[in-house]
Structure formats: C-alpha cells, structure tokens
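Here are the chains, one letter per residue:
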Amino acid sequence: MTLTSAFLIDLGKIHQGAVRVPGETKVEIWNGLRPAARFRLQSAVEHLVKNGSLNRAYIEKIGEVTTAQASYDIREILKRLPNLMRYDRSRKCYVLANS
C-alpha cells in the first residue's frame with residue numbers, strides 16, 4: 001500500500017492530536033475525552049495507519065475494555081475522523097478509506 005505525501009502529512013497531524021481546518025488555526029481532534037479514552041483512540045488510529053486495518057479486538061486488547069466499549073470507540077473515531085476508514089465486509093475489519 002502506498003500513501004500519498006499529503007495523506008502522510010494529515011496522519012502526522014492526527015498523530016499529534018490536531019488537524020488544520022481552512023479558516024481555523026487548530027482543531028483538537030480528541031477534545032473532551034478522558035486520558036484513557038484518548039489513549040485508546042490515538043493508539044487505534046496509529047494501528048490503523050501502521051497496519052492498514054483495525055478491529056474491535058485490537059481496541060479491547062490495548063484498552064482492556066469490553067466489546068461494547070470497543071464498538072463505541074470505533075464509532076467515536078468515525079465521528080471525529082469521518083474520512084479516515086471504512087468497513088471491509090470481506091476482511092471483517094476497518095481499513096483506511098483510501099486503500
């Protein structure tokens with residue numbers, strides 16, 4: 001999988017927890033989350049970018065949370081970063097949206 005340089009720049013901003021929005025100076029992606037939730041979501045996004053896929057089991061493992069909480073975390077990622085990933089039915093996991 002090859003990522004464009006613009007996408008890598010955006011991922012770097014995601015990793016830092018902020019993205020640039022036209023007309024805005026800085027928008028905090030994980031604003032309003034508790035530290036544990038912030039850690040889980042940041043780790044999940046990093047895992048998605050590094051490995052190209054993400055599933056609930058990974059979030060359950062790293063966050064030591066229930067399946068229900070992992071599902072909620074995935075919904076939260078989709079809400080905060082709507083164009084980052086999509087569900088791949090054949091692989092039964094989320095993959096990068098541009099792959």
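The model shown is predicted, which means the values in this text are computed figures rather than measured ones. (Residues numbered from 1 in each chain as written. Predicted model: local features only at pLDDT ≥ 70, side-chain atom pairs only at ≥ 80, totals over all residues. Heavy atoms only, no water.)

Some points on the overall build of the chain
On a plain count of helices and strands, the chain comes out with four helices and five strands. Across the 99 residues in the chain, those meeting the buried criterion constitute 36%. Long-range contacts, defined here as pairs at least 24 residues apart, represent 39% of the contacts in the chain between residues at least 6 apart. Element-wise, carbon and sulfur atoms account for 50% of the exposed surface of the chain, whose accessible area totals about 6500 Å². (Helix = DSSP H or I, 4+ residues; strand = E, 2+ residues; numbered from the N terminus. Buried < 20%, exposed > 50% of the residue type's maximum accessible area, 1.4 Å probe, protein only. Contact = heavy atoms within 4.5 Å. Areas by Shrake-Rupley, 256 points an atom, 1.4 Å probe, with all protein chains shown as cover.)

Regarding the pattern of salt bridges
In the structure shown here, the tally under the stated rule is three salt bridges. Where Asp73 meets Arg40, a salt bridge forms, and the shortest distance between an N and an O atom there is 2.5 Å. With Asp73 in helix H4 (residues 67–80) and Arg40 in helix H2 (residues 35–51), this pair connects stretches of sequence that are 33 residues apart. Per residue, the accessibility class of Asp73 equals that of Arg40, and both read buried. Connected through shared salt-bridge partners, Glu76, Lys79 and Arg80 make up one network. (Salt bridge = Lys/Arg side-chain N within 4 Å of Asp/Glu carboxyl O.)

A few points about H4
Compared with the 20 Å implied by 1.5 Å per residue over 14 residues, the 20 Å span of H4 between its first and last C-alpha is a close match. Of the residues making up H4, those classed as buried are Ala70, Ser71, Asp73, Ile74, Glu76 and Ile77. In this structure, the buried side of H4 is in contact with H2, strand S3 (53–54), helix H3 (56–63), strand S4 (85–88) and strand S5 (93–96). (Expected span 1.5 Å × (residues − 1).)

Regarding the packing of aromatic side chains
Enumeration over the complete set of coordinates arrives at one aromatic pair. Taken together, a centroid distance of 5.1 Å and an interplanar angle of 70 degrees make the contact between Tyr87 and Tyr94 edge-to-face. A residue is classified by how much of its surface remains accessible, and Tyr94, at 18% relative accessible area, is buried. (Phe/Tyr/Trp six-rings, centres within 6.5 Å; stacked < 30°, edge-to-face > 60°.)

As for the packing of H3 against H4
Running from amino to carboxyl end, H3 crosses H4 at an angle of 110 degrees, the nearest separation of the two axes being 9 Å. The angle between H3 and H4 falls in the class roughly perpendicular. Considering only the axes of H3 and H4, their crossing is right-handed. Each of Arg56, Ile59 and Glu60 in H3 lies in contact with H4, whose residues at this interface are Thr67, Ala70, Ser71, Asp73 and Ile74. Here the residues of the contact of H3 with H4 sort into three nonpolar, two polar and three charged. (Axes fitted to C-alpha atoms, helices over the stretch in contact; angles between N-to-C directions. Parallel < 35°, antiparallel > 145°, perpendicular 65-115°, else oblique. Left-handed = near helix turned anticlockwise from the far one by under 90°. Nonpolar A, V, L, I, M, F, W, Y, C, P; charged D, E, K, R; others polar.)

Let's talk about the nonpolar core
Counting 19 residues, the largest nonpolar core has Trp30, Leu54, Ile59, Ile77 and Met85 as the members making the most contacts within it. Discounting chain neighbours no more than four positions away, the residues touching Leu54 are Ala44, His47, Leu48, Ile59, Ile77, Met85, Cys93 and Tyr94. (Core = buried A, V, L, I, M, F, W, Y, C linked by side-chain atoms within 4.5 Å.)

Observations concerning unusual backbone geometry
Located in the positive-phi region is Glu64, a residue other than glycine, with phi close to 50 degrees. Its place among the elements puts Glu64 in the loop between H3 and H4. A positive phi angle, near 55 degrees, is found at Lys92, a position not held by glycine. Mapped onto the elements, Lys92 comes out in the loop between S4 and S5.

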